[in-house]
Amino acid sequence: MRNAAETRDKLLETATGLIWQSNYSSVGVNEICKQAGVTKGAFYHHFESKADLYIAASRHYWESMKRDLDAIYSPSFTPLEQLENLIQLIIHKQINECSSKDMEVAGCPFFTSGGQAGIDEEKIRLAAREMEDHMQRYSVALVRNLKAEGALKGNPDIDQVARFLHHFVQGLLVYGRLMNSLNAVRADLREGLYRLLDLKEAYRTEGSEVPVSSPADAA
């Protein structure tokens, strides 16, 4: 028998996995309970609604993502190494999340769900925006570090360029999911980031394709 904490964790993990596979709208409470092996009574003991589970799952997922980001953006890395770590993490995360599914690119279901939320799903949009704010802070730090390093051309607006980077990555992952091709993501990822950053030629890595390696190797 699971205790209450284990049941809650199982619901969070199951919800996250199901949302990765499809999307928030298509995943119902019955399916979540079935996959998690819990009763609906247990579900509603922990969460008032599917939206509340989604919010908790997004925050649960963020804790894992934050650990990855803290590792790849460690001050022990130069700004250029941090950028390369980010590129590797994006690809590696898709490989991990899609390893047992009939797809090559999952994207980020929490951002996707937030963008697809209807006008009566304010909780979903707010949860996605909360994650967006978290990610933006890391992107701003990366751009600021690259600018201080002298790796960027001109005098870019740090906040704006950081938003560009995040929007580009999310859009590229949506495209990769549509094409069901990780190679489509890998082919454009580095070059797209370089162009948005307006990275000086001397700081660019040769080639546009991203090799497969684990971000743990960098960290």
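Residues numbered from 1 in each chain as written. Predicted model: local features only at pLDDT ≥ 70, side-chain atom pairs only at ≥ 80, totals over all residues. Heavy atoms only, no water.

Draft legend 1. Examining the overall build of the protein chain more closely. When its secondary structure is counted, the protein chain shows 10 helices and 0 strands. When the helices and strands of the protein chain are read in sequence order from the N terminus, they spell out α-α-α-α-α-α-α-α-α-α. Counting only residues that meet the buried cut, the protein chain has 47% of its 219 residues in that class. By sequence separation, contacts in the protein chain at least 24 residues apart represent 65% of the contacts at least 6 residues apart. (Helix = DSSP H or I, 4+ residues; strand = E, 2+ residues; numbered from the N terminus. Buried < 20%, exposed > 50% of the residue type's maximum accessible area, 1.4 Å probe, protein only. Contact = heavy atoms within 4.5 Å.)

Draft legend 2. Summary view of the nonpolar core. Grouped together as the largest cluster of nonpolar side chains are 37 residues, with contacts concentrated most on Leu69, Leu83, Val143, Leu189 and Leu197. Among the secondary structure elements, those contributing two or more residues to this core are helix 4 (50–72), helix 5 (79–98), helix 7 (122–149), helix 8 (158–179) and helix 9 (182–197). In contact with leucine 83, other than residues within four places in its own chain, are Leu142, Leu146, Leu193, Tyr194, Leu197 and Leu199. Listed in part, the 15 residues of the second largest apolar core include Leu12, Cys33, Phe43 and Ala57. (Core = buried A, V, L, I, M, F, W, Y, C linked by side-chain atoms within 4.5 Å.)

Draft legend 3. Seen up close, a nonpolar patch on the surface. Together, Tyr175, Leu178 and Met179 give the surface a local cluster of nonpolar side chains, amounting to about 340 Å² of exposed area. Positionally, leucine 178 belongs in helix 8. (Patch = residues over 30% accessible without salt bridge, like charges linked within 9 Å, V, L, I, M, F, W, Y side chains within 5 Å. Areas by Shrake-Rupley, 256 points an atom, 1.4 Å probe, with all protein chains shown as cover. Salt bridge = Lys/Arg side-chain N within 4 Å of Asp/Glu carboxyl O.)

Draft legend 4. Here's a closer look at the packing of helix 8 against helix 9. Contact geometry of helix 8 with helix 9 gives a least axis separation of 10 Å together with a crossing angle of 165°. Relative to helix 9, the element helix 8 is oriented roughly antiparallel. Every pair of crossing elements has a handedness; the one defined by helix 8 and helix 9 is right-handed. Along its contact with helix 8, which presents Val161, Phe164, Leu165, Phe168, Val169, Leu172, Leu173, Tyr175 and Gly176, the element helix 9 presents Ala184, Val185, Asp188, Leu189, Gly192, Leu193, Leu196 and Leu197. (Axes fitted to C-alpha atoms, helices over the stretch in contact; angles between N-to-C directions. Parallel < 35°, antiparallel > 145°, perpendicular 65-115°, else oblique. Left-handed = near helix turned anticlockwise from the far one by under 90°.)

Draft legend 5. Local environment of the packing of aromatic side chains. Following the criterion strictly, the structure yields 4 aromatic pairs and no others. Ring centres of phenylalanine 43 and tyrosine 44 lie 4.9 Å apart, and the angle between their planes is 80°; this geometry places the pair in the edge-to-face category. When the ring of phenylalanine 43 is compared with that of phenylalanine 47, the centres are 5.9 Å apart and the planes differ by 50°; the resulting orientation is tilted. Through a chain of ring-to-ring contacts, three or more aromatic side chains come together here, namely Phe43, Tyr44 and Phe47. (Phe/Tyr/Trp six-rings, centres within 6.5 Å; stacked < 30°, edge-to-face > 60°.)

Draft legend 6. Quick peek at unusual backbone geometry. The phi angle at asparagine 180 is positive, at roughly 50°, despite the residue not being glycine. Mapped onto the fold, asparagine 180 is located in the loop between helix 8 and helix 9. Positive phi, close to 60°, is recorded for aspartate 198, a residue that is not glycine. Residue placement: aspartate 198 occurs in the loop between helix 9 and helix 10 (215–218).

Draft legend 7. Region of the structure containing the confidence of the model for the protein chain. Taken residue by residue, the protein chain gives an average pLDDT of 85. The fraction at 70 or more is 84%. For the protein chain, per-element mean pLDDT is lowest for helix 10, which scores 46, and highest for helix 9, which scores 96. Note on residues 211–219: pLDDT under 50 across the span, and 16 contacts to partners over four residues away in sequence or across chains. (pLDDT = per-residue confidence, 0-100.)

Draft legend 8. The packing of helix 4 against helix 7, seen in detail. At a minimum axis separation of 9 Å, helix 4 and helix 7 run at an interaxial angle of 10°. Comparing the axis directions of helix 4 and helix 7 gives the class roughly parallel. Judged by residue contacts, Ala51, Asp52, Tyr54, Ile55, Ser58, Arg59, Tyr61, Trp62, Met65, Lys66, Leu69 and Asp70 of helix 4 engage Lys123, Ile124, Ala127, Ala128, Glu130, Met131, His134, Met135 and Tyr138 from helix 7. Looking at side-chain class alone, the contact of helix 4 with helix 7 contains 13 nonpolar, 2 polar and 6 charged residues. (Nonpolar A, V, L, I, M, F, W, Y, C, P; charged D, E, K, R; others polar.)

Draft legend 9. Just the environment of leucine 199, in detail. For leucine 199, the position within the fold is in the loop between helix 9 and helix 10. On the basis of relative accessibility, which here comes to 0%, the residue leucine 199 falls in the buried class. With near-sequence residues (within four places) excluded, leucine 199 lies in contact with Leu80, Leu83, Ala151, Leu152, Lys153, Tyr194 and Arg204.

Draft legend 10. View of the pattern of salt bridges. For the coordinates displayed, the defined rule picks out 8 salt bridges. Linking arginine 190 and glutamate 84 is a salt bridge whose minimum nitrogen-to-oxygen distance equals 2.6 Å. Within this pair, whereas arginine 190 is found in helix 9, its partner glutamate 84 is found in helix 5, the two being separated by 106 residues in sequence. Residue classification places arginine 190 among the buried residues on the basis of a relative accessible area of 3%. A residue is classified by how much of its surface remains accessible, and glutamate 84, at 21% relative accessible area, is partly exposed. Among the ionic pairs, glutamate 191 bridges to arginine 195, the shortest N-O distance being 2.9 Å. Of this pair, glutamate 191 and arginine 195 both sit in helix 9, 4 residues apart, which is roughly one turn of the helix. Judged by relative accessible area, arginine 195 falls into the exposed class, the value being 61%. A cluster of three or more residues bridged by salt bridges with shared partners is formed by Glu191, Arg195, Glu201 and Arg204.

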